[in-house]
Amino acid sequence: SAVISQKPSRDICQRGTSLTIQCQVDSQVTMMFWYRQQPGQSLTLIATANQGSEATYESGFVIDKFPISRPNLTFSTLTVSNMSPEDSSIYLCSVVEQGGTEAFFGQGTRLTVV
Amino acid sequence: QQQVKQSPQSLIVQKGGIPIINCAYENTAFDYFPWYQQFPGKGPALLIAIRPDVSEKKEGRFTISFNKSAKQFSLHIMDSQPGDSATYFCAASKRGGADGLTFGKGTHLIIQP
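Residues numbered from 1 in each chain as written. Chains lettered and ligands numbered in written order. Predicted model: local features only at pLDDT ≥ 70, side-chain atom pairs only at ≥ 80, totals over all residues. Heavy atoms only, no water.

On to the overall build of chain B, then. Helix and strand counts for chain B come out as 0 helices and 11 strands. Counting from the amino terminus, chain B carries its helices and strands in the arrangement β-β-β-β-β-β-β-β-β-β-β. By the compact-globule yardstick of 13 Å for 113 residues, chain B fits well, its C-alpha radius of gyration being 13 Å. Its C-alpha atoms give chain B principal-axis dimensions of roughly 40 × 30 × 20 Å. Across the 113 residues in chain B, those meeting the buried criterion constitute 44%. Expressed as a percentage of contacts within chain B between residues at least 6 apart in sequence, the contacts between residues at least 24 apart total 54%. With the model as given, the accessible surface of chain B reaches about 5,400 Å², and the carbon-plus-sulfur share is 49%. Taking the average place of the 12 positive charges on the side chains of chain B and the average place of its 8 negative ones, the gap between the two points comes to 4 Å. (Helix = DSSP H or I, 4+ residues; strand = E, 2+ residues; numbered from the N terminus. Rg over C-alpha atoms; globule rule 2.2 N^0.38 Å. Buried < 20%, exposed > 50% of the residue type's maximum accessible area, 1.4 Å probe, protein only. Contact = heavy atoms within 4.5 Å. Areas by Shrake-Rupley, 256 points an atom, 1.4 Å probe, with all protein chains shown as cover. Lys, Arg positive; Asp, Glu negative; His and termini not counted. Charge placed at Lys NZ, Arg CZ, Asp CG, Glu CD.)

Structural data, given as structure tokens:
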């Protein structure tokens, strides 16, 4: 399976600031997704990162708050903008390999907003 | 609207027992149903997945049972071990997994020695 590296692994940020999370995959993948997992909760899909075009956002998530880039088949970023304590969560990158159907997850970025 | 309902929320089983976790879905467009295992501080790891044209799938000690008419599926863990203690999530997707996943709320499983 694809090896997914997320950076940073964790961060503590001041409210009102922004944080960009990087997701690097060791092979070309078809699909890249971003999820949020609030403490002790399940995972919620934020958006699908589309190569070379705007991401597709799920209901309740907007581009101004969570801008996403995907410049190529192995890399994507998620920015959490103008953060508030309610944004404290684990953010996870997920990929589906070319020709595959299984979704694999990175280790996540644990974000705390103070 | 919760599209994938998972139960129980927590489960305690003795070593060697067979924990069973159940999920029900509402959207008939779902056609791919994976199960994930998550340990604290780690990302979810894919355990096993099934499609609606199959009623049962086994991989090692893990078995998925699928009931298309009832829109339900379940995970059985045979010969459970303390190392199986983790949170388990069922999920569902459209387009054979190419769409993003809708997750159940998770089951916190403890296997007692």
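With 17 residues of chain A at the contact, the number on the chain B side is 20 residues. Here chain A and chain B share 0 salt bridges between them. Looking at the side of chain A that touches chain B, the elements that each hand over two or more residues are strand 4 (29-37), strand 5 (43-49), strand 9 (89-97) and strand 10 (103-105) of chain A. For the side of chain A that touches chain B, the leading source of residues is strand 4 of chain A, giving 4 residues. In the side of chain A that touches chain B, the residues fall into 9 nonpolar, 6 polar and 2 charged. (Salt bridge = Lys/Arg side-chain N within 4 Å of Asp/Glu carboxyl O. Nonpolar A, V, L, I, M, F, W, Y, C, P; charged D, E, K, R; others polar.)

It is worth spelling out the sheet that holds strand 1 (residues 4-7) of chain A at this point. Residues and elements named next belong to chain A. Here 4 strands make up an open sheet; going across it, the order is 1-3-8-7 and the pairing antiparallel. The outermost strands of the open sheet, each flanked by one partner alone, are strand 1 and strand 7 (68-72). On average, each strand axis in the sheet is inclined to that of its neighbour by 15 degrees, with strand direction left out of account. With 4 bridges connecting them, strand 1 and strand 3 (residues 19-25) associate as antiparallel partners. Bridge assignment links Ser 5 to a residue of strand 3, and that residue is Gln 24. (Pairing = 2+ DSSP bridges. Axes fitted to C-alpha atoms, helices over the stretch in contact; angles between N-to-C directions.)

Turning to the environment of Ser 93 of chain B, a few remarks are in order. All names here are of chain B. Of note, Ser 93 is situated in the loop between strand 9 (86-92) and strand 10 (102-103). The buried category is assigned to Ser 93, whose relative accessible area is 0%. On a C-alpha basis, the gap between Ser 93 and Ser 74 in space is 16 Å, while along the polypeptide they are 19 residues apart. Filtering out sequence-adjacent residues up to four positions away, Ser 93 remains in contact with Phe 30, Asp 31, Tyr 32, Ala 98, Asp 99, Gly 100 and Leu 101.

A separate point is the nonpolar core. Among the nonpolar cores identified, the biggest contains 27 residues, and Trp 34 and Val 95 of chain A are the most heavily contacted of them. Those elements giving two or more residues to this core turn out to be strand 3, strand 4, strand 5, strand 8 (75-80), strand 9 and strand 11 (109-113) of chain A. Element by element, the count of residues in this core is highest for strand 3 of chain A, at 4 residues. Grouped together as the second largest cluster of nonpolar side chains are 24 residues, Val 13, Phe 30, Trp 35 and Leu 75 of chain B included. (Core = buried A, V, L, I, M, F, W, Y, C linked by side-chain atoms within 4.5 Å.)

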